[in-house]
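Report on the structure
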Amino acid sequence: MYVVVADIKLKDGVESDFKTWFSKSNEILSKLDGFTSRRLLKAENGSHRIIVEHQSKKTFIKMHESEEHLRGIFNAAENVAIVTTDLGGTETLVTGFSPGAEKIFRTKSEEVIGKKVAIFHPPEIVENFPMMQNDLRKNGLGYSGEAILIRKSGEPFPALFSIYPKTDGSGKLIGTIGVSIDISERKQAENKHKKAKELFEKVFNSQHDAIFILNAETPVKVLECNKATETIFGYSMNELIGTDTSHLHVDADHLNEFQNNLFPAIAKEGLLKIIA
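In this section: the overall build of the chain. Looking only at helices and strands, the chain has eleven helices and ten strands in total. Across the 276 residues that make up the chain, the buried fraction comes to 34%. Sequence separation of 24 or more characterises 42% of the internal contacts of the chain that already satisfy a separation of 6 or more. Summed over its atoms, the accessible surface of the chain is roughly 17,300 Å², and 53% of this surface lies on carbon and sulfur atoms.

As a further point, take the nonpolar core. Judged by nonpolar contacts, the single largest core of 21 residues is most densely connected at Val83, Val94, Phe97, Phe105 and Phe120. Broken down by element, this core gets its largest block of residues, four residues, from strand β7 (residues 156-167). If sequence neighbours within four positions are ignored, Phe120 has contacts with Val94, Phe97, Phe105, Thr107, Val112, Leu149 and Ile150. Ranked by size, the runner-up nonpolar core spans 18 residues in total, among them Val14, Phe18, Leu29 and Val80.

Right, let's get into helix α7 (residues 129-139). Among the residues making up α7, those that are buried are Phe129, Met132, Gln133 and Leu136. One side of α7 carries all its buried residues, which in axial view fall inside an arc of 95°. At the exit of α7 stands Gly140, carrying a positive phi of roughly 75°.

Turning next to the sheet that holds strand β1 (residues 2-8). As summarised here, the arrangement of the three strands in space is β1-β3-β2, forming an open sheet in which the pairing is antiparallel. Lying at the two open borders of the sheet, with one neighbouring strand each, are β1 and β2 (35-42). Put simply, the sheet's adjacent strands are angled 15° from each other on average, direction ignored. Bridge count between β1 and strand β3 (residues 48-54): seven bridges; the pairing is antiparallel. The residue of β3 that forms the bridge with Asp7 is Arg49.

Parameters at a glance
Each residue is numbered by its place in its chain's sequence as written, counting from 1. Whole-chain, interface and lining totals are the exception, using all residues; otherwise, since this is a predicted model, local features are given only for residues with pLDDT of at least 70 and side-chain atom pairs are given and counted only at 80 or more. Derived side-chain values reflect all non-hydrogen atoms in the structure, with water molecules and hydrogen atoms excluded from consideration. Per the convention used, a helix needs a DSSP run of H or I reaching at least four residues, while a strand needs a run of E reaching at least two, with both numbered from the N terminus. Residue exposure (1.4 Å probe, protein chains only): buried if accessible area is under 20% of the type maximum, exposed if over 50%, otherwise partly exposed. Note on definitions: a residue-residue contact is assigned when non-hydrogen atoms from the two residues lie within 4.5 Å. All accessible-area figures derive from a Shrake-Rupley calculation using a 1.4 Å probe, and residue coverage is judged against the displayed protein chains alone. Only buried Ala, Val, Leu, Ile, Met, Phe, Trp, Tyr and Cys residues count toward a nonpolar core, and they belong to the same one when joined by side-chain atoms within 4.5 Å. Picture the helix axis, draw a direction to every C-beta atom, and the arc is the one those directions span. Here, any two strands with at least 2 DSSP bridges between them count as paired. Axis geometry follows a simple rule: fit a line to the C-alpha atoms, using only the stretch in contact for helices, then measure angles between N-to-C directions, giving values from 0 to 180 degrees.

Okay, structure coming up:
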C-alpha cells in the first residue's frame, strides 16, 4: 500500500465547487489501475487534507503520468478552468482546454488549441510570462492569487488563478497547467455587502440619538456606537467600544435594572429603548 497525504488551503467561496470536482474526478480516477481510495478531509481550523491510497508507488506515479489521469481531471472540473500550455514565453500556446474552461471562458476547445494563451490575459500579465516560466524552471514554484482574466467576448472577470508546472516522466518541465475559478458572483456579493455597510454607517452616524450595539451577555459590553454618543456621554467612540456599560449608569441600581431588563426586552420587542 502506498499513501500520499497533501494539505491544502482553499480560497473563500470555492469549497463547494472543489468538493463537486473532487467527487467527480474520483469516479474517473477510481477506474485506473492501482487506485484504492482518495479522500478529502476538513479540519476544525478550516484547512483540508487529501489522502490518496494506491497499491504501490509505481502505480501512483504511472497514474499521474497517464493521459487518462489528466483527461479525468479535465472532464470532472465543470466549474474549474484547466488550461495547459507550452513554454513559449509571450508566445505561449494552448495545448489543452478543459470543459470547465469552455464554460468559464465561453469558447470551444477547438477554437483555442494551438492559439496564444495571451488572449485570456491582460497585456501587462502576458509581459510577465517569461519570468513566471523561468521561475518554474528554476525552482518549480508556480503562482496563486486573484487575477483578472478575459472571456472570448473580451469581457474581463475576476478569478482565482494558479499556475503549476507540467512535467514529463523524467521530471523535466514541458509546460504549465493553469487553473482558474470564476469568482464574479463572490465579488458582486462583496460589493453589495460593502455598499450596504457604507449605507448603514451613514445612517447610523447621522442619528442624533445615542445608539449602542451591545453584546448578548453580561457584563454588557459596547460592540459599536454612533457619533452622537460622543456628544451625549462625553466619551470618544474609541473609549466606549470594547468597554462595559457600568460607567454610563448613575449608580449600581440603575445598572442592575438595565441589565435585568435588557435581554427580556430584546427577546420580546427586538430592541430596548430607555428614556431617562
